[in-house]
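# Examination of the molecular architecture
Here is what each chain is made of, one letter per residue.
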Amino acid sequence: MKMMRYFGKGTLLFRLVLLIQLAFFATLGAAAPLRLEITEGVVEPLAFAAPAFIAENAGGADYASQLAELVVQDLTSSGLFRAIPSRAHISKITSFSSPVQFSDWAAINAQALIAGAVTAEAGGQITVKFRVYDVFAGQEMGQGLQFTGRADGWRRIAHKVADVVYSRITGETGYFDSRVVFVSETGRKGSRKKRLAVMDYDGENVQYLTDSSALVLAPRFSPSGDKLLYTSYESGFPRIYLMDVGSARRRVLQNSNGTMSFAPRFSPDGNSVVYSLEKGGNTDIYIMSLSSGKQRRLTNSPAIETAPSFSPDGTQVVFESDRSGDPQLYVMPARGGSAKRVSFGNGRYGTPVWSPRGDMIAFTKQSKGRFHIGVMRVDGSQERLLTASFLDEGPSWSPNGRVIMFARETQGANGASSLYSVDVSGRNLKPVRTPDGASDPAWSPLGG
Amino acid sequence: MRRCARWFILTGILFLAACSETGTGGFGSGSSFGTDPAGAIGDPTSPAYFQSAIGDRVVFEIDQSSLTEAGRVVLDGQADWLLENGDYSILVEGHADEQGTRAYNLALGARRANAVREYLSARGVAGSRIQTVSFGKERPIELCSRESCYSVNRRAVTLLDNLGS
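Predicted model, so just to flag it, every value in this text is computed and none were measured.

### Considering the overall build of chain A
- Regarding its fold elements, chain A presents 4 helices and 32 strands.
- Scaling as 2.2 N^0.38, a compact globule of 448 residues should have a C-alpha radius of gyration of about 22 Å, and chain A matches this with 23 Å.
- Along the first, second and third principal axes, the C-alpha atoms of chain A reach 75 × 45 × 45 Å.
- Across the 448 residues of chain A, 46% fall into the buried class.

Structure follows, in structure tokens:
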């Protein structure tokens with residue numbers, strides 16, 4: 001798919017303009033008339049209108065409504081925006097180039113207006129252009145943009161439009177043009193069939209990457225989004241595999257007899273894998289270079305050390321260890337060395353994941369017979385629990401660090417696992433639709 | 001007979017699976033397995049005898065991997081049997097209940113399988129005859145979410161493979 005083009009100018013220029021604009025907004029917040037600050041307090045969703053896009057030729061008519069609807073769905077799903085339904089609109093956008101009647105949109109209290117147009121091109125392509133308006137200031141926010149891509153990839157174009165709108169209004173990058181890899185589950189508890197699957201962040205376009213002949217666990221995207229790490233029992237023993245997402249080709253990374261390897265994650269540069277290796281009943285954390293295959297041990301204790309996750313700058317690793325008696329979270333230098341305990345609350349902590357913004361660690365906490373997804377500052381302060389259920393587990397950050405996806409399993413013999421997402425604020429908890437049961441979600445980078 | 005274990009050898013790789021009334025077995029391989037234990041229970045050299053009369057599994061306390069008194073008695077019987085029946089090697093599978101995260105439970109199951117390995121080794125079973133694996137919380141045999149089920153699921157199961165056959 002062709003990416004953004006500034007009208008009449010080059011991509012680079014646009015990006016430069018956007019960068020300058022963002023920097024300007026960041027330093028002089030008051031200069032931006034319409035700005036939704038994402039905070040951890042209560043947020044009143046920002047009201048916006050996104051009328052059906054204008055079909056600029058007959059072929060475009062097939063996509064005009066659904067493009068706008070998906071942009072609306074993305075933005076409202078974030079919990080930060082509220083769409084004013086089209087039946088309440090008193091003005092219509094009839095031409096992409098004619099001036100906007102701001103008073104008609106102000107009258108229905110739309111703070112932002114998204115106007116778009118779609119043209120069907122030769123060769124199964126469509127071009128979508130759009131503008132974002134600050135209704136009460138009576139001006140456009142940034143410049144109009146356009147995307148050209150395959151018509152059957154129209155959902156991805158709509159996600160990109162929504163990401164730009166999200167970014168223009170919040171000043172932060174979006175997460176709608178992203179994917180999630182997960183473990184699809186069928187069959188009864190006790191004899192579950194599991195296979196790797198990947199889908200758009202909103203549950204659409206599910207593709208299966210393995211069959212269910214071998215138990216698979218905990219897939220993770222590479223920082224570039226084109227590779228996966230996961231654990232499979234295809235040899236009869238848990239081992240770490242590296243898979244190319246496009247071709248679904250895989251190779252085993254750790255294959256020493258008499259050991260188990262699991263819980264892999266990429267380093268932020270994508271060149272190394274940090275993981276757990278079990279030998280003689282003891283599980284420690286190791287790092288492996290993907291180019292040389294060379295492995296190095298990072299922890300050396302008789303306790304269980306597992307679930308390692310890099311800081312986004314690559315200098316530190318957070319992991320769980322039961323060296324104190326109960327599983328707790330620790331941070332150590334990425335080259336190994338002494339680890340500092342960061343979790344001190346009542347309960348058992350596991351599956352720590354460093355946020356892509358670098359400011360927080362998400363985790364699973366087990367306390368008083370319940371499971372929680374929580375976040376804390378990287379020094380362990382300001383712990384907040386975002387969810388509670390019989391079994392919530394395995395948080396994964398959205399690429400912008402604002403949303404967390406996780407798995408929730410219901411109890412009892414008919415218990416089943418499914419995916420949920422929640423804002424880092426604890427608001428906007430909701431299920432993520434999957435065809436069957438699902439566990440171990442991992443979010444891709446933006447555009448991955 | 002609620003549980004069974006079967007084995008076969010395929011191109012030199014060991015596949016073992018346990019099955020029960022609640023699980024369909026076939027770990028990893030996706031193969032289907034019969035439900036009859038090998039040999040007659042009355043034959044003390046049979047896997048059926050090992051499973052039923054001696055006991056193929058031990059259970060653990062919550063979050064523990066140390067063997068219980070009852071567990072040691074079972075493993076004493078397993079060790080004696082294995083010393084008598086040198087044609088068999090074993091795979092010890094460690095399991096955890098569903099309380100706990102996936103990765104931690106994999107590590108915990110490995111500790112449990114290793115506790116059995118070390119005990120059997122100490123009783124004279126050659127280390128070369130013992131392999132271990134953990135399934136963490138992936139393969140419970142009892143499905144309820146109460147301690148009555150958890151106490152059965154926190155287990156290490158010894159599966160036999162006849163190298164001579």
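From this point, the discussion proceeds with the structure in view.
### With respect to the sheet that holds strand S27 (residues 384–385) of chain A
All names here are of chain A.
- With antiparallel pairing, the 4 strands of this open sheet are ordered in space as S24-S25-S26-S27. Each edge of the open sheet carries a strand with a single partner, namely strand S24 (348–354) and S27.
- Bridge count for S24 against strand S25 (residues 360–367) is 5 bridges, and the pairing is antiparallel. Opposite Gly-350, over in S25, you have Thr-364 as the bridge partner.

### Focus on the interface of chain A and chain B
- At the junction of the two partners, chain A supplies 37 residues and chain B supplies 31 residues.
- Ranked by the residues each element gives to the side of chain A that touches chain B, the list is headed by strand S16 (residues 259–266) of chain A, at 3 residues.
- Taken together, the residues of the side of chain A that touches chain B break down into 16 nonpolar, 16 polar and 5 charged.

### Observations concerning helix H3 (residues 102–122) of chain B
Residues and elements named next belong to chain B.
- For H3, which comprises 21 residues, the first-to-last C-alpha distance of 30 Å matches the rise-based estimate of 30 Å (1.5 Å per residue) to within 8%.
- Burial analysis of H3 places 18 of its 21 residues in the buried class, which makes it a mostly covered element.
- Once H3 finishes, Gly-124 follows within two positions and takes phi at roughly 105°, a positive value.

### Describing the sheet that holds strand S21 (residues 316–321) of chain A
Residues and elements named next belong to chain A.
- In spatial order, the strands read S20-S21-S22-S23; together these 4 strands make up an open sheet with antiparallel pairing. Edge positions in the sheet fall to strand S20 (305–310) and strand S23 (340–341), since each of these pairs with one other strand and no more.
- By the bridge criterion, 2 bridges tie strand S22 (residues 328–333) to S23 in an arrangement that is antiparallel. Within the sheet, the bridge partner assigned to Val-331 lies in S23 and is Lys-340.

### Regarding the pairing of S16(A)
Residue and element names in this part refer to chain A.
- Most of S16 sits out of view: 7 of its 8 residues are buried.
- Where S16 and strand S17 (residues 272–279) come together, 6 bridges link them in antiparallel fashion. Bridge pairing in S17 places Ser-261 opposite Leu-277.
- Linking S16 to S17, which pair antiparallel, is a turn of 5 residues; within it Gly-270 sits at a positive phi near 75°.

### Details of unusual backbone geometry
All names here are of chain A.
- The phi dihedral of Asn-205 falls on the positive side, at around 55°, and the residue is not glycine.
- Secondary-structure assignment places Asn-205 in the loop between strand S10 (193–200) and strand S11 (207–208).
- Positive phi outside glycine occurs at Lys-368, with the angle close to 50°.
- Along the chain, Lys-368 falls in the loop between S25 and strand S26 (370–377).

### Let's talk about the nonpolar core
- Counting residues in each nonpolar core, the largest one holds 147 residues, and the members touching the most others are Phe48(A), Val71(A), Leu113(A), Ile114(A), Val165(A), Ile361(A) and Ile404(A).
- If we ignore the near neighbours within four places in the chain, the residues touching Leu113(A) are Phe48(A), Ala49(A), Val100(A), Trp105(A), Tyr133(A) and Val135(A).

### Looking at helix H4 (residues 154–170) of chain A
Residue and element names in this part refer to chain A.
- In this model, H4 (17 residues) spans 24 Å end to end at C-alpha, consistent with the 24 Å of a helix rising 1.5 Å per residue.
- Most of H4 is tucked away, with 13 of its 17 residues classed as buried.
- Looking one or two residues beyond H4, the residue adopting positive phi is Gly-171, at roughly 80°.

### Considerations on the confidence of the model for chain A
- Looking at chain A as a whole, its pLDDT mean stands at 92, while 92% of the residues score no less than 70.
- Low confidence marks residues 1–32 of chain A, where pLDDT is under 50. Its contacts with residues over four positions away, or in another chain, come to 30 contacts.

### Points about the pairing of strand S4 (residues 88–95) of chain B
All names here are of chain B.
- Within S4, 7 of the 8 residues are buried, leaving the element largely enclosed by the surrounding structure.
- In this structure, S4 lies alongside strand S5 (residues 130–136), joined through 6 bridges in parallel fashion. Residue pairing in the sheet places Leu-91 in a bridge with Gln-131 of S5.
- Handedness of the crossover joining S4 and S5 through H3 is recorded here as right-handed.

### Examining the environment of Leu391(A)
- Tracing the backbone shows Leu391(A) in the loop between S27 and strand S28 (392–397).
- Counting along the chain gives 18 residues from Leu391(A) to Glu409(A), while the straight-line C-alpha distance between them is 5.3 Å.
- In this view, Leu391(A) contacts Phe371(A), Arg408(A), Glu409(A) and Glu98(B); residues no more than four positions away in its chain are not counted.

### What about the packing of helix H2 (residues 61–77) of chain A against H4(A)?
Residue and element names in this part refer to chain A.
- It is at 8 Å that the axes of H2 and H4 come closest, and there the two elements cross at 50°. With respect to H4, the axis of H2 lies oblique. Taken as a pair, H2 and H4 cross one another with a handedness that is right-handed. Contacts between H2 and H4 involve Tyr-63, Gln-66, Leu-67, Leu-70, Val-71, Asp-74 and Leu-75 from the former and Trp-154, Arg-155, Ala-158, His-159, Val-161, Ala-162, Val-165 and Tyr-166 from the latter.
- Classifying every residue of the contact of H2 with H4 gives 11 nonpolar, 2 polar and 2 charged.

### Structural notes on the environment of Asp177(A)
Residue and element names in this part refer to chain A.
- Its location among the elements puts Asp-177 in the loop between H4 and strand S9 (179–186).
- The exposure class of Asp-177 is buried, given the 23 C-beta atoms found within 10 Å.
- The sequence separation of Asp-177 and Ser-421 amounts to 244 residues, and the corresponding C-alpha distance is 16 Å.
- In contact with Asp-177, not counting residues within four places along its chain, are Arg-156, His-159, Lys-160, Asp-163, Leu-446 and Gly-447.

### Structural notes on the packing of helix H1 (residues 47–55) of chain B against helix H2 (residues 69–84) of chain B
Residue and element names in this part refer to chain B.
- The contact between H1 and H2 brings their axes to 10 Å, and the two run at 150°. Here H1 lies roughly antiparallel to H2, going by the angle between them. Considering how the two elements wind past one another, H1 and H2 form a crossing that is right-handed. Counted together, Phe-50, Ile-54 and Gly-55 of H1 and Val-74, Gly-77, Gln-78 and Trp-81 of H2 form the full contact between these two elements.
- Split into classes, the residues belonging to the contact of H1 with H2 amount to 4 nonpolar, 3 polar and no charged.

Cut-offs used in this document
Residues numbered from 1 in each chain as written. Chains lettered and ligands numbered in written order. Predicted model: local features only at pLDDT ≥ 70, side-chain atom pairs only at ≥ 80, totals over all residues. Helix = DSSP H or I, 4+ residues; strand = E, 2+ residues; numbered from the N terminus. Rg over C-alpha atoms; globule rule 2.2 N^0.38 Å. Buried ≥ 20, exposed ≤ 12 C-beta atoms within 10 Å, placed from the backbone. Pairing = 2+ DSSP bridges. Contact = placed C-beta atoms within 7 Å. Nonpolar A, V, L, I, M, F, W, Y, C, P; charged D, E, K, R; others polar. Expected span 1.5 Å × (residues − 1). Core = buried A, V, L, I, M, F, W, Y, C linked by C-beta atoms within 7 Å. pLDDT = per-residue confidence, 0-100. Right-handed = clockwise from strand over helix to strand, strands pointing away. Axes fitted to C-alpha atoms, helices over the stretch in contact; angles between N-to-C directions. Parallel < 35°, antiparallel > 145°, perpendicular 65-115°, else oblique. Left-handed = near helix turned anticlockwise from the far one by under 90°.

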